[in-house]
2 protein chains.
Amino acid sequence: MSEMLPGTRIQRKNRRIILRAALEVFSRHGFRGSTVDQIAAEAGLSKPNVLYYFDSKEAIHETLLTDLLGTWIAPLREIDPAGDPQEEILAYVRRKVQMSRDFPCESRLFANEILQGAPRIEGFIRGELKTLVDEKARLIRAWAASGRINDLDPYHLIFSIWALTQHYADFDAQIRMLRDDDSEPLDGAEAHLLMLFRRLLAP
Amino acid sequence: MSEMLPGTRIQRKNRRIILRAALEVFSRHGFRGSTVDQIAAEAGLSKPNVLYYFDSKEAIHETLLTDLLGTWIAPLREIDPAGDPQEEILAYVRRKVQMSRDFPCESRLFANEILQGAPRIEGFIRGELKTLVDEKARLIRAWAASGRINDLDPYHLIFSIWALTQHYADFDAQIRMLRDDDSEPLDGAEAHLLMLFRRLLAP
DNA sequence: GTCTATAGTCTGATAGAC
DNA sequence: GTCTATCAGACTATAGAC
């Protein structure tokens, strides 16, 4: 958590500026495709100054990824076993749509990482994420067994939610080029996705 | 089309080997993140030899992208206005699943390009692809108006098909890490996706 | 056609003045 | 803390021997 690191107020502020700039750059070009120069320009600082606040380009990237993972996993964790099955899953879809709206760069940073084979977050995926996904998959299976939602493979259901919601952040460039109006694609998408999952989940 | 370029049999063969290797490398690390050294190693050739067959790293990447776009657009083009609406769309989903199965690297190459803002294929997307998508969107709207399928936004329907099918190629690394068995994720996915779209399209 | 050697450029990181 | 200057290594691309 970069907010809790020691340092003066100006130090913490500059670290935040650099992280924000680096997120913009890394999310577009990936780790290898990004340069410290680009990050510095985006942050409005000199290259040596960026490397004064972080030990290395790698350290900036690692900080971003680590900060991201907690945020990334939260919406799934919030699914409540005590709630109404259909409403809980639809609320999860809404939270994921909101994430694509509020954190498109974070979504692309994550996508870039997975596209590359997830070398830096393999531990997170096989550990924390897998434990949580397995737990929620058991919950969804139990809900299906009780007949309250359609009986479908819980893993493919979760993958479908990820695919559909993250697509609007990750493939944003393509979607905007294919649309005539300049309205936010996600506004129409939310209603579409909720309708889709309502139909899919109906017993 | 690289197959139609002039040259001896061995020249065409080496060009194919290089393109195959470059596809593997570019699809994982993006253009900037890939090196000619990596491509040469993957192809089993020396670095200068690779640059004997292609003018530059950029030229290899451009050849790959150009070759890809035709393949990429074909499944959508095949949707037949004269066919049964639901069956035509489900057949399209099947073709897209097959693409993720047969051409996962091509899918990731495309994803990498879009993530970066689609700088190299903006013309293709705004031109050829948009024309085709608009045409098929009108067709789907007409089908919905006739009451033969559920009335939904045709653009979001198409985006949903892209998101769900390509996810299994692009996020393959994550999906495999989250599964216990070593069966092909796409085998179960195809049945799941067909069920999903059958429910979504039902009038 | 394929190699070794290398030119020229870019990039990550550091030194040292202020 | 921030800058200019710069080094060391990696990278694309080419020259030239064979």
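Re the interface of chain B and chain A
Here is step 1: The partner chain A presents 57 residues to the 57 residues of chain B that form the contact.
Here is step 2: Carbon and sulfur atoms supply 64% of the area that chain B and chain A bury against each other, a total of about 5,100 Å² over both sides.
Here is step 3: For the interface between chain B and chain A, the tally reads 2 salt bridges.
Here is step 4: For the salt bridge of K130 of chain A with D180 of chain B, the shortest nitrogen-to-oxygen distance reads 2.9 Å.
Here is step 5: Here chain B and chain A share 18 residue pairs in polar contact (both at pLDDT 80 or more) between them.
Here is step 6: Sorting the residues of the side of chain B that touches chain A by element identifies α1 (9-33), α6 (104-115), α7 (122-145), α8 (154-170), α9 (172-178) and α10 (185-201) of chain B as the ones contributing at least two each.
Here is step 7: Top contributing element to the side of chain B that touches chain A by residue count: α8 of chain B, with 12 residues.

A word on the protein's contact with DNA strand D
Here is step 1: Surveying the vicinity of DNA strand D reveals 17 residues, the closest of which are Q11, S46 and Y53 of chain A together with K47 and K57 of chain B.
Here is step 2: The share of sugar and phosphate among atoms of DNA strand D within 4 Å of the protein is 62%.
Here is step 3: Between DNA strand D and S34 of chain B there is a distance of 3.4 Å, counted from a phosphate oxygen to a backbone nitrogen or oxygen.
Here is step 4: Contact between DNA strand D and K57 of chain B: a phosphate oxygen at 2.8 Å from a main-chain N or O atom of the residue.
Here is step 5: Looking at the surface near DNA strand D, the elements with two or more residues in it are α1 (9-33) and α3 (47-53) of chain A together with α3 (47-53) of chain B.
Here is step 6: The element that contributes the greatest number of residues to the surface near DNA strand D is α3 of chain A, accounting for 4 residues.
Here is step 7: Taken together, the residues that form the surface near DNA strand D break down as 6 nonpolar, 8 polar and 3 charged.

Details of the side chain of R179 of chain B
Here is step 1: Of note, R179 of chain B is situated in the loop between α9 and α10.
Here is step 2: Residue R179 of chain B is classed as buried on the basis of its relative accessible area, which comes to 17%.
Here is step 3: Not counting residues up to four positions away in its chain, the partners in contact with R179 of chain B are Y155, H156 and F159 of chain A together with P185 of chain B.

Some words on the domain arrangement of chain A
Residue and element names in this part refer to chain A.
Here is step 1: On domain assignment, one finds that chain A holds domain 1 (1-54) and domain 2 (65-201).
Here is step 2: Between domain 1 and domain 2, the C-alpha centre-to-centre distance is 28 Å.
Here is step 3: With 10 residues of domain 1 at the contact, the number on the domain 2 side is 8 residues.
Here is step 4: When domain 1 packs against domain 2, the two sides together hide about 860 Å² of surface, and 50% of this comes from carbon and sulfur.
Here is step 5: Where domain 1 touches domain 2, the interface holds 0 salt bridges.
Here is step 6: Counting across the domain 1 and domain 2 interface gives 1 residue pair in polar contact (both at pLDDT 80 or more).
Here is step 7: Along the lines of polarity and charge, the residues of the side of domain 1 that touches domain 2 split into 4 nonpolar, 3 polar and 3 charged.

Conventions we followed
- Residues numbered from 1 in each chain as written.
- Chains lettered and ligands numbered in written order.
- Predicted model: local features only at pLDDT ≥ 70, side-chain atom pairs only at ≥ 80, totals over all residues.
- Heavy atoms only, no water.
- Contact = heavy atoms within 4.5 Å.
- Buried area = accessible area lost by both parts, 1.4 Å probe.
- Salt bridge = Lys/Arg side-chain N within 4 Å of Asp/Glu carboxyl O.
- Polar contact = N/O pair within 3.5 Å; in protein donor to acceptor, adjacent residues only side chain to side chain.
- Helix = DSSP H or I, 4+ residues; strand = E, 2+ residues; numbered from the N terminus.
- Near = heavy atom within 4 Å.
- Nonpolar A, V, L, I, M, F, W, Y, C, P; charged D, E, K, R; others polar.
- Buried < 20%, exposed > 50% of the residue type's maximum accessible area, 1.4 Å probe, protein only.
- Domains from an automatic or database assignment.

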